[in-house]
Amino acid sequence: MRALDSVEPMPGPVKTEAVVLRSMRYGEADRILHLYTPARGRVSAIAKGVRRARSRFGGRLEPFFRLRIELHEGRSELLTVTGAQTVDGYARLRGDARALDAAARACDAVGRLFETTEPHPGVFNLLCRQLALLDQHAGGAARVADSWASALAFRLKLLLAAGLAPQLGACASCGEREHLVGFSGAAGGVVCAACEAGSFPLGEDAYAFMTAALARALTQAPAAGDPALGQVERAITATLEHHAHLRLMPAVGRSC
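Each residue is numbered by its place in its chain's sequence as written, counting from 1. Given that the model is predicted, a residue must reach a pLDDT of at least 70 before its local features are reported, and side-chain atom pairs must reach 80 or more before they are shown or counted; all residues, however, enter totals for whole chains, interfaces and linings. Only heavy atoms go into the side-chain values, all of them from the structure, while hydrogens and water stay out.

A. Region of interest: the sheet that holds strand E6 (residues 180-184). Across the sheet, which stays open at both edges, the three strands sit in the order E7-E6-E8 with antiparallel pairing between neighbours. Unpaired on one side and paired on the other, strand E7 (189-192) and strand E8 (200-201) mark the two borders of the sheet. A strand pair is defined by DSSP finding two or more bridges across the two strands. Put simply, DSSP H or I for four residues or longer makes a helix, DSSP E for two residues or longer makes a strand, and each gets a number counted from the N terminus. Relative to E8, E6 runs antiparallel, the two being bridged by two bridges. Bridge pairing links Phe183 to Phe200 in E8.

The following block contains the structure:
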């Protein structure tokens with residue numbers, strides 16, 4: 001389950017790396033940013049005057065930029081951006097509609113599943129690796145199934161980081177290790193034939209994908225066909241709905 005406790009803020013200057021999850025216009029020239037950081041989790045900040053033509057921040061406060069950012073923390077929950085340097089702008093990603101959409105979905109998943117200021121440096125690094133992979137393959141001729149597989153592998157690793165990884169080694173209801181035929185979000189993993197009431201079918205290919213994706217690096221996401229990937233996405237959705245009371249947007253867009 002997600003931890004509800006947050007880190008007590010320390011007033012004053014803050015220097016950190018961050019990924020811009022979301023950027024929204026505010027007032028005549030400002031932007032509100034949702035940032036994900038390695039040591040402070042998700043934070044919100046205001047960038048004053050950033051939309052003016054002569055802003056010293058340029059375009060680097062846009063979504064999906066990885067930054068070294070300087071913030072000032074006062075009494076408000078909203079920090080103030082005082083400086084920013086680009087670590088990686090993922091330029092190729094921005095010219096590919098499919099990669100851009102995948103980046104938005106990855107950032108949305110991180111921002112919603114890890115919404116507190118509790119530090120999760122592993123999640124920050126995972127998001128940076130996913131953005132780098134999307135940037136690396138942008139403009140290529142990747143198959144839709146490959147893009148879907150990569151997105152689902154990323155989400156499974158987010159579940160693991162959140163302490164919500166589904167039980168796959170034995171029936172989540174009775175502990176039986178044979179005849180694992182279904183998946184139950186309520187039980188938290190695979191279930192055997194004797195406990196399958198209320199579950200949905202999980203085929204061998206879907207099961208193999210989930211176990212391999214959790215064990216391998218993101219760069220080695222396993223391949224699978226559409227039926228198996230559909231079952232995997234359903235398993236992830238059921239897990240989040242039952243144990244985090246959260247429903248994410250689909251892992252890939254319909255046009256991808």
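B. Expanded view of the sheet that holds strand E3 (residues 41-47). Here we have five strands rolled up into a closed barrel, ordered E1-E2-E3-E5-E4, and mixed in their pairing. Between one strand axis and the next, the sheet turns through 50° on average, direction left out of account. Direction of pairing for strand E4 (residues 66-73) relative to strand E5 (residues 79-88): antiparallel, over a ladder of seven bridges. Bridging from a neighbouring strand, Ile69 pairs with Ala84 of E5. Those strands touched by helix H1 (residues 97-113) are strand E1 (12-26), strand E2 (30-37) and E3, and its axis lies near 120° from that of E1. To get an axis, fit a line to the C-alpha atoms, keeping to the stretch in contact for a helix; angles then go from 0 to 180 degrees between the N-to-C directions. Contacts are assigned to residue pairs that have any heavy atoms within 4.5 Å of one another.

C. Spatial organisation of empty space enclosed by the protein. In this analysis the probe radius is 1.4 Å and the grid spacing 1 Å, with only protein atoms considered; a cavity is a set of points the probe fits into but cannot get out of, a pocket is an open set with protein on both sides within 12 Å along at least five of seven lines, and lining residues have an atom within 4 Å of a point. Grid points are joined across faces, edges and corners, and a volume is the space filled by probe spheres set on the points. Enumeration according to the criterion identifies three cavities of 30 Å³ or more in this entry. Taken as a whole, the largest cavity encloses approximately 50 Å³ of empty space. For the largest cavity, the full set of lining residues is Ala102, Arg105, Ala106, Gln130, Ala151, Phe154, Arg155 and Ala251. Residue classes in the lining of the largest cavity are distributed as five nonpolar, one polar and two charged. When residues are sorted by character, Ala, Val, Leu, Ile, Met, Phe, Trp, Tyr, Cys and Pro go into the nonpolar class, Asp, Glu, Lys and Arg into the charged class, and all the rest, Gly among them, into the polar class.

Read these as geometric descriptors, not functional statements.
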